[in-house]
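# An overview of the molecular structure
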Amino acid sequence: MDLLLRGISHRYGGTEVMRDINLEIRRGEIVCIIGPSGCGKSTLLRFIGGLERPDAGEVLLSGPEPEGSLNPLTYVFQDFALLPWRTVAGNISLVLEDHGLGRQRIAAIIDDVLARTGLSEFREALPRQLSGGMRQRVAIARALAVRPAVMLMDEPLSALDSQTRELLMDDLVSLWQRERFTACYVTHNLAEAVRLGHRVVVLSRRPGQIRTVVDIDMDLAERGPGHPELEAIQSQLWTLLRDEARAADREITDVAE
Amino acid sequence: MSQSDMAERADTSGEPKSLRAVPYRGGGFRPGHWRFVGPLVFAVLLLCWEAGSRSGVISNLVLPAPSEALEALRQLVETGQLWLHLGASLQRLVIGWSLGVTLGVAVGLLVGLLPLARAGLLPLVSALFPIPKIALLPLFVIWFGIGEGSKVATILFGSFFPTVIATYGGVDNVDRTLVRMGQSFGLGWWSIVRKIILPGAMPAILSGCRISASIAIILLVAAEMIGAEYGIGAYVLMAGSLFATDQLLAGVAMLSVLGLVVSWLIGRAERRLLRWRG
Ligand SMILES: Nc1ncnc2c1ncn2[C@@H]1O[C@H](COP(=O)(O)OP(=O)(O)OP(=O)(O)O)[C@@H](O)[C@H]1O
Ligand SMILES: [Mg+2]
C-alpha cells in the first residue's frame, strides 16, 4: 500500500502552517521528514494518520491494504503514549481487544511481537518500571502487533538519551531488514534522518513547504555512525536547514493550543 | 597533570586547616516515619482528660470523663441498641453514598466527555453544588417523606455534586496523547472511555470519594436529627436534649470511628486501584 499526499495546505486560526505539500510514500521505504521547529511536521503526520483534516488537499491510499492488517496507519509517539496502569502485555493487548480476535489469538500475537522486539521477559512489567528506551520498544512492539502498512513515527527517539537512541536506531534498522516496513519518520535529528531514511524530505520554516527531497541510495545495513558519505549528506542537509532554523528560532509564536 | 600540579595538591592537602566539610543543607521538608507518635498523643490526651476529671479539675457537668463515655458505650452494646443505631446509620450511608457516587461519576463522565452535556449541565451543577444540602432537608422531607427517603436523598445529593465535579475534572486532566493514541489505533469510543479515560480519571474520582464520604457522614447525622427512631444522629440528639453528655460523647466517638473506617476503606481502594502509580 502506498500513500499519496496531494496539495496539502492548512492554517490554524490566522497562521498558515503548511502550504501545498505533495509527497509519495512507497511501500517498504522509510521517508524521513525534517524541518525547523514549528514548521508543521507533527501536524502533517496527524493529517496522514487521519487524526486531523487539512483545510485543502488530500491524503490518498493506493493499492490494497496488506492482508491481516488491523490498523494500516499506525503511530509511534514521541512520548511513548503507554497506559501507565497496564502492563507491557496489557498495553499491547489494548490495541487488539477491539478486533474480536479471541483471547488466545491475542496472547499469541503479544508473544510474537514481544519476542520480535526482545521484550519477552518484560511481559508483566509496568511502564514506570522500564527505562525510556524500553518504553519506546514497547510502543514499537505495540505498533507491530496491529500489522501496520505504514508506521507514522513522530520523533520516536527524541525523548531518549543519545546512547539509547543509537541502540534503538540499530534495532529499527534490523527490524526493517527483516520486515521491510513502510514508515514516515519525523525527526529533527539529522543523524537519525540519514541513518534511517531512504528519502529525506526537508521542510521550510512555517508555513511548511517542501524545500527538497534527498534520496539516499544506500542499504540501511551499510550505514553507520561516521560513514563519510552519510556525513556529507548530513552536512548538506544542515546547510539547507540552517537558515530556516535560524529564522524559525527568531520568530514569535502566538498560537493558542 | 604536570608534576608541579601534583606537588601543589599534595601540599594543600597536607594543610588540615584549609579543609572543611561541605555544610549539609538538604534536611527537612520530608514526611518521616513517626508512626507511633499519633496513637501516643491520643493516649496521653485521654489520660490527662481522665485524670483531670477524677481530680475535679474538669467539672463533670462540663465534660464527662472518658471512662463514663466508655461506660455509656458499653451499655449500648449490652442492651443491643448499638447495632440498631449503627445498622440504621450504615444502611442510610451506604445506600445514599453509593447511589450518589454512581450517579455522580456517570454525570461527571457525561460532562467531561460531551460538550453538549457540559454546556447544559455544568452551570446547573455549579449552582447547586455550594448549597448546603442541610438547608434543603425540610424540602426533602416534604418530597420524600419523613422516613428513610428524605435521609437517603440528603446523603445522595450531598455526595453527588462533589463527585460530579471531581470526575469531570479528572476526565479533563486525562493525558490527551493517550486519547489520541487510542484513536490512532482505531479503538471505539466506548473502549476509549472505559480503558483510557476512566482509569486515567480514577485518582481524581477516588479523592472525590474521600470528600463526598465525609460530607455524607455530616449529612447523615443532620438527617437523622429529624424524625429518626434509630441512628447515631438520633442517639446523639436524644442524648443532647437530655444533657446526657456521656452518651453524647459515646455517639460522637462512634461517628469518629465511622469516619476513620470509611477513610481507611477508601485508602485501601486507592492502594488497590492506583497500584500502577507506585
Ligand atoms: N491544534 C493546534 N492549534 C493551533 N495551532 C497549532 C495546533 N497544532 C499545532 N499548531 C501550530 O502549528 C505549527 C506547527 O506545529 P507542529 O507541532 O506541527 O510543528 P512541528 O514541526 O512538529 O514542531 P516541533 O519540531 O516543535 O515538533 C506550530 O506553530 C504550532 O504552534
Ligand atoms: Mg512535532
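So, here is what we can say about the structure in this document. (Residues numbered from 1 in each chain as written. Chains lettered and ligands numbered in written order. Predicted model: local features only at pLDDT ≥ 70, side-chain atom pairs only at ≥ 80, totals over all residues. Heavy atoms only, no water.)

### Side note on the pattern of salt bridges
Tallied over the full model, the rule gives 27 salt bridges over all chains. Taken together, the salt bridges that share partners define one network made up of E24, R26, E29 and R199 of chain A. (Salt bridge = Lys/Arg side-chain N within 4 Å of Asp/Glu carboxyl O.)

### Brief notes about the site of ligand 1
Residues and elements named next belong to chain A. As a matter of local geometry, ligand 1 sits amid 15 residues, with G38, K41, S42, T43 and R206 nearest to it. S37 is positioned with one of its side-chain polar atoms (N or O) 3.0 Å from an oxygen atom of ligand 1. Here an oxygen atom of ligand 1 and a backbone polar atom of G38 are 2.9 Å apart. Against a free-state accessible area of 630 Å², the protein chains account for coverage of 76% of ligand 1. Examining the composition of the shell around ligand 1, we find that four residues originate from one element, helix 1 (residues 41-48), more than from any other. For the shell around ligand 1, a count of residues per class yields five nonpolar, five polar and five charged. (Near = heavy atom within 4 Å. Polar contact = N/O pair within 3.5 Å; in protein donor to acceptor, adjacent residues only side chain to side chain. Areas by Shrake-Rupley, 256 points an atom, 1.4 Å probe, with all protein chains shown as cover. Helix = DSSP H or I, 4+ residues; strand = E, 2+ residues; numbered from the N terminus. Nonpolar A, V, L, I, M, F, W, Y, C, P; charged D, E, K, R; others polar.)

### A short note on the sheet that holds strand 3 (residues 30-34) of chain A
Neighbouring strands of a sheet are bound in pairs by backbone hydrogen bonds; such pairs are parallel or else antiparallel. Residue and element names in this part refer to chain A. Spatially, the six strands line up as an open sheet ordered 5-6-7-3-8-9, and their pairing is mixed. The open sheet is flanked by strand 5 (73-76) and strand 9 (210-215), the only strands paired with a single partner. Averaged over all adjacent pairs, the angle separating strand axes in this sheet is 20°, with direction ignored. Of the strand pairs in this sheet, strand 3 and strand 7 (residues 182-186) are connected by four bridges, and their pairing is parallel. Paired with C32 across the strands is Y185, a residue of strand 7. Helix 7 (residues 228-250) contacts strand 3, strand 8 (199-203) and strand 9 of the sheet and is inclined by roughly 175° relative to strand 9. (Pairing = 2+ DSSP bridges. Axes fitted to C-alpha atoms, helices over the stretch in contact; angles between N-to-C directions. Contact = heavy atoms within 4.5 Å.)

### Description of the interface of chain A and chain B
Counting from both sides, the interface comprises 25 residues of chain A and, opposite them, 19 residues of chain B. Both faces combined, the contact of chain A with chain B buries some 1800 Å², and carbon together with sulfur accounts for 65% of it. Three residues, L51, W85 and D98 of chain A, lead the burial of chain A against chain B; their summed loss comes to 32% of the area buried on that side. Our count for the contact surface shared by chain A and chain B stands at three salt bridges. Note that D98 of chain A and K195 of chain B form a salt bridge whose closest N and O atoms lie 3.5 Å from each other. Taken together, the elements giving at least two residues each to the side of chain A that touches chain B come down to strand 5 and helix 4 (132-145) of chain A. Looking at the side of chain A that touches chain B, the element that brings in the most residues is strand 5 of chain A, giving three residues. Of the residues belonging to the side of chain A that touches chain B, the class tally is 14 nonpolar, three polar and eight charged. (Buried area = accessible area lost by both parts, 1.4 Å probe.)

### Let's talk about the pairing of strand 3 of chain A
Residue and element names in this part refer to chain A. Among the five residues in strand 3, five count as buried, and that is most of the element. Residues I30, C32 and I34 of strand 3 are buried on one face, and the alternating residues V31 and I33, pointing to the opposite face, are buried as well. With four bridges connecting them, strand 3 and strand 8 associate as parallel partners. Within strand 8, the residue paired with C32 across the bridge is V200. (Buried < 20%, exposed > 50% of the residue type's maximum accessible area, 1.4 Å probe, protein only.)

### Thoughts on the nonpolar core
Ranked by internal contacts, the top residues of the largest apolar core, which has 127 residues, are I48, I92, L96 and L237 of chain A together with I196 of chain B. Residue contributions to this core peak at 13 residues, all from helix 9 (residues 189-224) of chain B. The residues touching L96 of chain A, leaving out its near neighbours within four places in the chain, are L70, L101, I106, I109, I110, A145 and V146 of chain A. If you look at the next biggest cluster of nonpolar residues, it comprises eight residues, including V107, V111, L122 and V125 of chain B. (Core = buried A, V, L, I, M, F, W, Y, C linked by side-chain atoms within 4.5 Å.)

Any functional reading would require information that these geometric values do not contain.
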